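Reading the structure
Each chain is listed here by its residues.
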Amino acid sequence: MKPNRKQEEDAPIFNLKELYSKLKGAFDIEQPMTRLDGQMDCYTFPFFSQTQGGNLKEGWLCSPEENALVTNGEGVNHQFRYAVFSPARHHIAKGAIVLLHGLNERNWEKYLPWAYELARSTGKPVILFPIAHHMNRAPHAWGVPRPMHQLAGIRQHRFGKINNSSFVNAAISCRLDYSPELFVTSGLQSLIDLMALSTQIKEGHHPLFMKETQVDFFAYSIGAFLTEILLMANPMGLYTDSKAFFFCGGSTFDLMDGRSKSILDDRAFGSLREYLLASQVVGQPPINTLDVFRPALASLWNAFLSMLTLEGHRSFRERALKKMAGKIAAIGLKIDKVIPGAAIQKTLGRALRSKKNVTVAHFNYPYTHETPFPLLNNKAFHEVEQAFYFTFQRAGAFLG
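Residues numbered from 1 in each chain as written. Predicted model: local features only at pLDDT ≥ 70, side-chain atom pairs only at ≥ 80, totals over all residues. Heavy atoms only, no water.

A separate point is the packing of aromatic side chains. A full pass over the atoms with the stated rule returns 36 aromatic pairs. Taken together, a centroid distance of 6.5 Å and an interplanar angle of 20° make the contact between Tyr43 and Phe45 stacked. The exposure class assigned to Phe45 is buried, which follows from its relative accessible area of 15%. The interplanar angle of 75° and the centroid separation of 5.8 Å between the aromatic rings of Phe80 and Phe129 together place this pair among those described as edge-to-face. With a gap of 49 residues between them, Phe80 in strand β3 (residues 79-87) and Phe129 in the loop between β5 (126-128) and α6 (145-159) connect regions that are remote in the sequence. (Phe/Tyr/Trp six-rings, centres within 6.5 Å; stacked < 30°, edge-to-face > 60°. Buried < 20%, exposed > 50% of the residue type's maximum accessible area, 1.4 Å probe, protein only. Helix = DSSP H or I, 4+ residues; strand = E, 2+ residues; numbered from the N terminus.)

The residue Ile127 is located in strand β5 in this model. For Ile127, a relative accessible area of 0% gives the class buried. A sequence separation of 45 residues divides Ile127 from Tyr82, and the C-alpha atoms of the two residues are 7.3 Å apart. Contacts of Ile127, omitting those with residues within four sequence positions, involve Tyr82, Ala83, Val84, Ala96, Ile97, Val98, Leu99, Leu197, Ile201 and Phe209. (Contact = heavy atoms within 4.5 Å.)

Ile127, Phe129, Leu276 and Phe304 are the most contacted members of the largest nonpolar core, which has 76 residues in total. In terms of residue count, the dominant contributor to this core is helix α8 (residues 181-202) (10 residues). Counting residues in each nonpolar core, the second largest holds 49 residues, with Leu128, Phe218, Tyr220 and Ala387 among its members. (Core = buried A, V, L, I, M, F, W, Y, C linked by side-chain atoms within 4.5 Å.)

So, on to the side chain of Lys124. Mapped onto the elements of the fold, Lys124 is located in the loop between α5 (112-122) and β5. Within the local environment of Lys124, its side chain forms a polar contact with the backbone oxygen of Leu399, the two atoms lying 2.7 Å apart. Every residue in contact with Lys124, bar those within four places of it in the chain, is listed here: Phe85, Pro87, Arg89, Gly95, Ala96, Ile97, Ala119, Asp216, Leu399 and Gly400. (Polar contact = N/O pair within 3.5 Å; in protein donor to acceptor, adjacent residues only side chain to side chain.)

Below, the discussion takes up the pairing of strand β6 (residues 209-220). Bridge count for strand β4 (residues 93-100) against β6 is 7 bridges, and the pairing is parallel. The partner of Leu100 across the bridge, within β6, is Ala219. One ladder, built from 4 bridges, connects β6 with strand β7 (residues 244-247); its direction is parallel. Paired with Ala219 across the strands is Phe246, a residue of β7. (Pairing = 2+ DSSP bridges.)

Here we come to the layout of surface pockets. As a volume, the largest pocket reaches approximately 680 Å³. In terms of lining, the largest pocket is formed by 29 residues, of which the most central are Glu105, Asn107, Lys110, Glu370 and Thr371. Listing elements by their share of the lining of the largest pocket, those giving two or more residues are α2 (16-26) and α5. Partitioned by chemical class, the residues of the lining of the largest pocket number 16 nonpolar, 8 polar and 5 charged. Size it by volume and the second largest pocket reaches roughly 320 Å³. Lining the second largest pocket we find 15 residues, and of these Arg106, Asn107, Trp108, Met135 and Asn136 sit closest to its centre. (1 Å grid on protein atoms, 1.4 Å probe; cavity = no way out; pocket = protein on both sides within 12 Å on 5 of 7 lines; lining within 4 Å. Points joined across faces, edges and corners; volume = space filled by probe spheres on them. Nonpolar A, V, L, I, M, F, W, Y, C, P; charged D, E, K, R; others polar.)

With that settled, the discussion passes to the sheet that holds β7. Strands sit in the order β1-β2-β3-β5-β4-β6-β7-β8-β9 across an open sheet of 9 strands; the sheet is mixed. Looking at strand neighbours, the two that pair on one side only are β1 (33-35) and β9 (358-361), the edges of this open sheet. Sheet twist, expressed as the mean angle between neighbouring strand axes with direction ignored, is 20°. The sheet contact formed by strand β8 (residues 328-333) and β9 spans 4 bridges and is parallel. Residue pairing in the sheet places Leu333 in a bridge with Ala361 of β9. (Axes fitted to C-alpha atoms, helices over the stretch in contact; angles between N-to-C directions.)

With that settled, consider a nonpolar patch on the surface. Taken together, the side chains of Met236, Leu290 and Val292 make up a nonpolar region of the molecular surface, amounting to roughly 250 Å² of accessible area. Within the secondary structure layout, Met236 lies in the loop between α9 (222-233) and β7. (Patch = residues over 30% accessible without salt bridge, like charges linked within 9 Å, V, L, I, M, F, W, Y side chains within 5 Å. Areas by Shrake-Rupley, 256 points an atom, 1.4 Å probe, with all protein chains shown as cover. Salt bridge = Lys/Arg side-chain N within 4 Å of Asp/Glu carboxyl O.)

Let us now look at empty space enclosed by the protein. Scanning all chains against the criterion turns up 2 cavities of 30 Å³ or more. Within this model, the largest cavity holds a volume of roughly 300 Å³. The wall of the largest cavity is formed by 25 residues, among which Leu103, Leu182, Phe183, Ser186 and Gly187 lie closest to the centre. The biggest single contributor to the lining of the largest cavity is α8, with 7 residues. Broken down by class, the residue content of the lining of the largest cavity amounts to 18 nonpolar, 5 polar and 2 charged. Roughly 110 Å³ of internal volume is contained in the second largest cavity. Forming the walls of the second largest cavity are 13 residues, and the residues nearest its centre are Leu103, Ile222, Met256, Gly258 and Val338. Of the residues contributing to the lining of the second largest cavity, the split by class is 11 nonpolar, 2 polar and no charged.

Now the structure itself:
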């Protein structure tokens, strides 16, 4: 992959590493408004999730210490703030882009340049919305090395050596190992929260957006999985005209491999995979929500089931995706081990009718799914910067 001359000419004059450093220093999720620079402002807003998901199974915790380390933290999961990067302006917007992150993320740092560039290139505000039990919707302790090393040690002592065990993934690995259904309930809660946010925007009750604003998506990794479900279900007709750009995501679950020190340890991913793929996901959606959103659960549930395996419910999935042909585009990465570019092509290629909408790129430097744009201590920084602008110029052109 190499950007062409026009892409290089269109690239902003700022240095990506300097932009990252500036945004990291300025971003504060607790501040209602921050002027990031002359081009971009950051607003934050409170959100209260009125959907009740599942809880950890009772009786599995072996010690008070373990219980203290992985309790649900329902308060912070239900009441939190989300950020919006908005081009400096004096009028409300008529377009919105929701940026969704990956699994087991604890802070927004790597996404700040993503949101900045999307907002700059499209002129639309970009909403950084946290998935349930992630980012600032998770207890602070889950990201603190010392207690999480302790938790990882408890798991290793009980079960023996666990590959890809780390303090980074200890909390989510422990939770999903014992209660894999939390993957489902947290996902459904996130989808209904997005519906609530979209409804607020479309009804003209959000201070940054005009009534009937179209809500589009830039979705990475597991965020793309959620977005596909949401757009296929199109609950309450909220997303009839919405567009979505997927990066390192878009495949069915069976083609993913979440074993990573940054995502899930091997034991937890095995438990989750068995739960989702061994016909254990049955019955009705295991979640409670407001009456206004309850009719949407059936369509969300059917779309979710169609995204578990490539062959299962394939006709349903492809019919739904074909209705969105021209409204979905994706970039996958060739050597991505978590969600390979080839897996994204298998899932989306035939349904979207055009290979042009699904690109498998290969960047000219060492990268991973978790770190597609390694900025720090990288001698190939110029190539990283080129890859970043290649990705976000395509996304910006599609969503603009």
